[in-house]
Amino acid sequence: MLNLYPALTASMGSWKYYIVKMAMKDIVKEVGFASEVYKDKTLDDAIQRSLNESRVKKEIVEYLARRDDRFFSSIVVAALGGNPKFYPVTITDDPQFALFKDQGFDDSFGVLSFDGDQKYFALDGQHRLKSIQTLVDGSEEGLPEVPQGFLQEEISVIMLVRKDENEVSFLKSYR
């Protein structure tokens, strides 16, 4: 199944990355942890610190469930596979945006697509991710209910995609 995300493209150093928005329901369904993507625990240890389950359940899940003014910063996610493609949208073709013609905005906005064979895992924000998953799962006794509309709320995700390189150098880059 094709995955499409509204996106901005950016670069820093040798990295090209995308800032996308994802609904909470999609974060829960699509994004995992390094230990779920790679069986090699050294990757998990190198990329992610240990999850503090108590903090997740007692603090962060409660915050998400009880606060209408809840807000999280971006989760940084690595995308493996899926043949990612960025389709830029040229805004300066529209006369109302003529003022922005020479500002470098064209090719910054667009759609990021994956063919459905990708795997996503959190590089930064694993406690936020686990809190969202725990709240939405709802199977654990004593935890609050999912707030109305929460599954449709959106969070920004900074998506790093695999460059054309071998797996060893790829993993070193993510670390």
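Please read these numbers as outputs of a predicted model, since none were measured by experiment. (Residues numbered from 1 in each chain as written. Predicted model: local features only at pLDDT ≥ 70, side-chain atom pairs only at ≥ 80, totals over all residues. Heavy atoms only, no water.)

Asks: Whenever I open this one, the side chain of Thr134 confuses me. Can you help?
Replies: Along the chain, the position of Thr134 falls in helix H5 (residues 126-137). The residues touching Thr134, leaving out its near neighbours within four places in the chain, are Val56, Lys57, Val61 and Leu143. (Helix = DSSP H or I, 4+ residues; strand = E, 2+ residues; numbered from the N terminus. Contact = heavy atoms within 4.5 Å.)

Asks: In this structure, what is going on with helix H4 (residues 53-66)? I would like to understand it.
Replies: In an α-helix, one turn spans 3.6 residues; hence positions three or four apart end up facing the same way. End to end, H4 covers 19 Å across 14 residues, agreeing with the expected 20 Å (1.5 Å per residue, within 8%). The largest bend along H4 measures about 30° and falls at Ile60. Structurally, H4 contributes buried residues whose contacts are with H5. Put simply, Asn52 is the residue that caps the front of H4, since its side-chain oxygen is 3.2 Å from the backbone nitrogen of Ser54. (Expected span 1.5 Å × (residues − 1). Bend = angle between axes of the 7 residues up to and from the residue. Polar contact = N/O pair within 3.5 Å; in protein donor to acceptor, adjacent residues only side chain to side chain.)

Asks: What should I look at first to understand the sheet that holds strand S1 (residues 3-12) in this one?
Replies: Adjacent strands of a sheet form backbone hydrogen bonds with each other and so pair up, either parallel or antiparallel. The mixed open sheet is built from eight strands, whose spatial order is S3-S7-S4-S8-S2-S1-S6-S5. In this open sheet, the two edge strands, each paired with only one partner strand, are strand S3 (31-32) and strand S5 (85-88). Relative to strand S8 (residues 154-161), strand S2 (residues 15-23) is paired through seven bridges, and the arrangement is antiparallel. The partner of Ala23 across the bridge, within S8, is Glu154. (Pairing = 2+ DSSP bridges.)

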